[in-house]
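# Coordinate analysis (summary)
Chain by chain, the residues:
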Amino acid sequence: MSQTDSGIGTAPVRLSPGDPAPDFTLPDADGNPVSLSDYRGRRVIVYCYPAALTPGCTTQAVDFTAAAGDLAQAGLDIIGISPDEPGKLIKFREKEQLGITLVSDPEKKVLQAYGAYGPKKLYGKEVVGVIRSTFIVDAEGKIERASYNVKATGHVAKLRRELGLD
């Protein structure tokens, strides 16, 4: 049985440094459109996470919020993408006092374009879902860095070190 016949699907295409970042326009928690192209001239951290209000995703969003000031001073904005509807993003933002932009991709088209949706291991079982991933998009809209299967805990601190912000 091939991988496609098993119902799991094929591995997503992964982005690499130098690739053009897939552009998108998605609604934020308040329903306002957010476009990657609006950030041209600045670097952007685009991070993909499975679900708002879950422990790992909360840790990551809280860590990004805590680092947002330093990252902004270094010329980096932050956009988090999940399949959650805007209403759930509002609850997430308010409950955790998040100060970062969260956008909704319920059809998972942008997540797929970034290679952040597909087969993954979850508790030792292969499932299809959001692959926790982080991308740095340069000021011209190209992928500067692509990290897949990142750990929620400690990821922002590791990113800060890699960017020389510690």
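Residues numbered from 1 in each chain as written. Predicted model: local features only at pLDDT ≥ 70, side-chain atom pairs only at ≥ 80, totals over all residues. Heavy atoms only, no water.

With that settled, the discussion passes to the side chain of Asp-138. In this structure, Asp-138 sits in the loop between strand 8 (133–137) and strand 9 (143–148). Among buried charged residues, Asp-138 stands out as having no salt bridge; its nearest opposite-charge side chain is Lys-142, 6.9 Å away. At a separation of 2.9 Å, a polar atom in the side chain of Asp-138 contacts the main-chain amide nitrogen of Glu-140. Once residues lying within four places of it in the same chain are set aside, the contact partners of Asp-138 are Arg-42, Arg-43 and Glu-144. (Helix = DSSP H or I, 4+ residues; strand = E, 2+ residues; numbered from the N terminus. Buried < 20%, exposed > 50% of the residue type's maximum accessible area, 1.4 Å probe, protein only. Lys, Arg positive; Asp, Glu negative; His and termini not counted. Salt bridge = Lys/Arg side-chain N within 4 Å of Asp/Glu carboxyl O. Polar contact = N/O pair within 3.5 Å; in protein donor to acceptor, adjacent residues only side chain to side chain. Contact = heavy atoms within 4.5 Å.)

Most of strand 3 (residues 43–48) sits inside the fold, with 5 of its 6 residues counted as buried. Relative to strand 4 (residues 76–82), strand 3 runs parallel, the two sharing 6 bridges. The residue bridging Val-46 from the neighbouring strand is Ile-79, located in strand 4. Chirality of the crossover, the property in question, places the unit of strand 3, helix 1 (residues 55–73) and strand 4 among those that are right-handed. Looking at chain direction, strand 3 and strand 8 are connected through 5 bridges and run antiparallel. When the bridges of strand 8 are listed, Val-44 appears paired with Val-137. (Pairing = 2+ DSSP bridges. Right-handed = clockwise from strand over helix to strand, strands pointing away.)

To continue, consider the sheet that holds strand 3. In spatial order, the strands read 5-4-3-8-9; together these 5 strands make up an open sheet with mixed pairing. Strand pairing shows two members of the sheet lacking a second neighbour, strand 5 (101–104) and strand 9, which therefore form its edges. Strand-to-strand, the axes of this sheet are offset by a mean angle of 20°, without reference to chain direction. As paired strands, strand 8 and strand 9 are joined by 5 bridges and run antiparallel to one another. The residue bridging Ile-136 from the neighbouring strand is Arg-145, located in strand 9. Helix 2 (residues 86–96) rests against strand 4 and strand 5 of the sheet, and its axis sits at about 155° to strand 5. Across the face of the sheet, helix 4 (residues 155–162) comes into contact with strand 3, strand 8 and strand 9 while running at roughly 30° to strand 8. (Axes fitted to C-alpha atoms, helices over the stretch in contact; angles between N-to-C directions.)

Turning our attention to the packing of aromatic side chains. By the definition in use, this model includes 6 aromatic pairs. Ring geometry for Phe-24 against Tyr-114: centres 6.3 Å apart, planes inclined by 70°, an arrangement best described as edge-to-face. Separated by 90 residues along the polypeptide, Phe-24 in the segment before strand 1 (25–27) and Tyr-114 in the loop between helix 3 (109–113) and strand 6 (117–122) bring together distant segments of the chain. Each member of the pair, Phe-24 as well as Tyr-114, carries the same accessibility label: buried. Through a chain of ring-to-ring contacts, the aromatic side chains of Phe-24, Tyr-114, Phe-135 and Tyr-148 assemble into a single cluster. Lying across the ring of Tyr-148, Arg-14 places its NZ or CZ 4.2 Å from the centre. (Phe/Tyr/Trp six-rings, centres within 6.5 Å; stacked < 30°, edge-to-face > 60°. Lys NZ or Arg CZ within 6 Å of the ring centre and 35° of its normal.)

Turning next to the confidence of the model for the protein. Summary statistics for the protein give a mean pLDDT of 91 and a share of 93% for residues scoring 70 or more. Confidence over residues 1–8 falls short of pLDDT 50; this stretch has 10 contacts with residues more than four positions distant or in other chains. (pLDDT = per-residue confidence, 0-100.)

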